[in-house]
Amino acid sequence: MLLSDDSNVLVHLAPAPVVARVATTTALVRPQPVEWLARELAVAGHLASRGAPVVAPSEELPPGPHSHDGFDLTFWRYVEQETDTPPEMSEVATGLASLHDALRDYPGELPYLEPALAEVERMLDYAEARALLSAGALEELRAGHARLAPLLAEGTGQPQPLHGDAHVGNVLVTREGALWSDFEDACSGPVGWDLACLMRGSAFGEETALRAYGGRPSREELAPFLEARELQGIAWLTISSERFPERRGWVQERLRAWRDGH
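Heads up: these notes are all about the structure in this document. (Residues numbered from 1 in each chain as written. Predicted model: local features only at pLDDT ≥ 70, side-chain atom pairs only at ≥ 80, totals over all residues. Heavy atoms only, no water.)

## Let's talk about the overall build of the protein chain
Argument step 1. Secondary structure assignment for the protein chain yields eight helices and ten strands.
Argument step 2. In summary, the protein chain has a C-alpha radius of gyration of 18 Å against a globular reference of 18 Å for 262 residues, a match within 12%.
Argument step 3. Each of the three principal axes of the protein chain carries a C-alpha extent, and together these read 50 × 45 × 35 Å.
Argument step 4. In the protein chain, buried positions account for 50% of the 262 residues.
Argument step 5. Summing over all exposed atoms, the protein chain offers an accessible surface of approximately 12,100 Å²; the carbon and sulfur share of this is 52%. (Helix = DSSP H or I, 4+ residues; strand = E, 2+ residues; numbered from the N terminus. Rg over C-alpha atoms; globule rule 2.2 N^0.38 Å. Buried < 20%, exposed > 50% of the residue type's maximum accessible area, 1.4 Å probe, protein only. Areas by Shrake-Rupley, 256 points an atom, 1.4 Å probe, with all protein chains shown as cover.)

## Points about the packing of helix α3 (residues 118-129) against helix α4 (residues 135-153)
Argument step 1. Their axes nearest at 11 Å, the elements α3 and α4 cross at an angle of 170 degrees. Regarding the angle of α3 to α4, the classification is roughly antiparallel. Contact with α3, carried on its side by Val120, Glu121, Leu124, Asp125, Ala127 and Glu128, involves Leu138, Leu141, Arg142 and His145 of α4 and no other residues of that element.
Argument step 2. Looking at the contact of α3 with α4 residue by residue, the class counts come to five nonpolar, one polar and four charged. (Axes fitted to C-alpha atoms, helices over the stretch in contact; angles between N-to-C directions. Parallel < 35°, antiparallel > 145°, perpendicular 65-115°, else oblique. Contact = heavy atoms within 4.5 Å. Nonpolar A, V, L, I, M, F, W, Y, C, P; charged D, E, K, R; others polar.)

## Some words on the pattern of salt bridges
Between side chains of opposite charge, a pair can form as their charged atoms come close.
Argument step 1. Going through the model one piece at a time under the given rule, you end up with 19 salt bridges.
Argument step 2. One salt bridge connects Glu40 with Arg21, and the closest N-O pair in it is separated by 3.4 Å. Pair noted here: Glu40 is in helix α1 (residues 33-49) and Arg21 is in strand β3 (residues 18-23), with a separation of 19 residues, a long-range link.
Argument step 3. On the accessibility criterion, Glu40 (1% relative accessible area) is buried.
Argument step 4. Among the residues examined, Arg21 registers a relative accessible area of 9% and is labelled buried. (Salt bridge = Lys/Arg side-chain N within 4 Å of Asp/Glu carboxyl O.)

## Some points on the nonpolar core
Argument step 1. Ranked by internal contacts, the top residues of the largest apolar core, which has 64 residues, are Leu47, Leu99, Leu113, Trp180 and Trp193.
Argument step 2. A total of nine residues in this core trace back to one element, the largest contributor, which is helix α7 (residues 219-243).
Argument step 3. The contact partners of Leu113, leaving out residues within four places of it in the chain, are Leu152, Leu162, Cys187, Ser188, Gly189, Pro190, Trp193 and Phe225.
Argument step 4. In terms of nonpolar packing, the next biggest core, distinct from the first, is built from six residues, Val18, Ala20, Val22 and Leu73 among them. (Core = buried A, V, L, I, M, F, W, Y, C linked by side-chain atoms within 4.5 Å.)

Okay, here's the thing in structure tokens:
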């Protein structure tokens, strides 16, 4: 049964309690998608072994990564969602703080702010090659990215392992509670990046998210991370619009909002 078709295709291999996660849209801008999938399995497996609230790699099948018919995929434990409504922000932000605690002793190597730095460059290169954005828009986004990159490198806080894409859409409400999923963008960096992902993807308000997490870093310290998340979102939406043309209007709306704000 098809569960989702967006960044990746997710299929429940019913009646087995297994979900196949197949790299699709993400593979457009990742020369070696299997590297991201391997990191995701390693990070999620580490967290699951510590009892953290995450969707764990499958124990029914070897989780992978596997390659078949030109696609890279992994297998995960199927968990049934009780509702599509996101949990309360206090629960999500508190869960993110606990996730960060459990990640601090992760032994593997992770790229520094990969989704905000190197991947944005690849996405803009892809958008240029496929003529998905105007030359003017590309120039603006490249200039914004070049301005933000050194600020992110100097970001407040000691770098540590991060979720990498910590928005509420990656939290599943299940009978076991709120479970974090989708660690494909796992990276190292200041916690400000994960907080920016949470705050920019929340309908509850940025200050609410920050207070629930614990109030540190400050809103001012988070400013470059929040802008970088906006820019990454525009770049990603542009790439996904190649598979989903109906999103092209959203790209222009997000671009206008970004210009107005900066």
